[in-house]
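# An overview of the molecular structure
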Amino acid sequence: SEKTEISIIKGTVTNAEGNPVSAEIKISDKETGVLLLSAPSDNKGNYSFAITAKKNYLLEVDKSKYQKISEEFFLPEGKENQPFILIKNFVLNKK
């Protein structure tokens, strides 16, 4: 059986002034709608998750007093045991 390929999605969350924001990041399986993980970006605004490759996901960035961001993405697989790294940086705007 083929082993499950894991890839990485990572990036930063900042506000309009470029300052890091610790925001809740949720990743759901786009096909099933199942929430797979929910975790905050750190105090430098960084996040990094290792999840199953070759799937479509919905990523949400949520922080009170800011507009919520929702973005769909496809996570490719890597080559020769090197995980694919998808970088997505988000800028939160005040409500």
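In the block above lies the structure referred to throughout.
Criteria and cut-off values
Residues numbered from 1 in each chain as written. Predicted model: local features only at pLDDT ≥ 70, side-chain atom pairs only at ≥ 80, totals over all residues. Heavy atoms only, no water. Salt bridge = Lys/Arg side-chain N within 4 Å of Asp/Glu carboxyl O. Helix = DSSP H or I, 4+ residues; strand = E, 2+ residues; numbered from the N terminus. Buried < 20%, exposed > 50% of the residue type's maximum accessible area, 1.4 Å probe, protein only. Pairing = 2+ DSSP bridges.

### So, the pattern of salt bridges
Tallying each qualifying case throughout the model produces 5 salt bridges. Salt-bridge contacts for Asp 29 lead to Lys 55; the nearest nitrogen and oxygen are separated by 3.2 Å. Remark: Lys 55 occurs in strand 5 (residues 55-62) and Asp 29 occurs in strand 2 (residues 24-29); sequence separation between them is 26 residues. Among the salt bridges present, the one from Lys 68 reaches Glu 60, with a minimum N-O distance of 3.1 Å. Given the relative accessible area of 47%, Lys 68 is considered partly exposed. Given a relative accessible area of 16%, Glu 60 falls into the buried group.

### What about the environment of Lys 79?
Within the fold, Lys 79 resides in the loop between strand 6 (69-75) and strand 7 (85-87). With relative accessibility at 66%, the residue Lys 79 sits in the exposed group. As for Lys 79 and Lys 65, which are separated by 14 residues in sequence, their C-alpha atoms are 41 Å apart.

### A look at the pairing of strand 5
Pairing between strand 2 and strand 5: 6 bridges, direction antiparallel. The partner of Ile 27 across the bridge, within strand 5, is Leu 59. The pairing of strand 5 with strand 6 spans 7 bridges and is classified as antiparallel. Along strand 6, the bridge assignment pairs Leu 58 with Glu 72. Between strand 5 and strand 6, which pair antiparallel and follow one another directly, the connecting turn spans 6 residues, one of which, Lys 65, has a positive phi of 75°.

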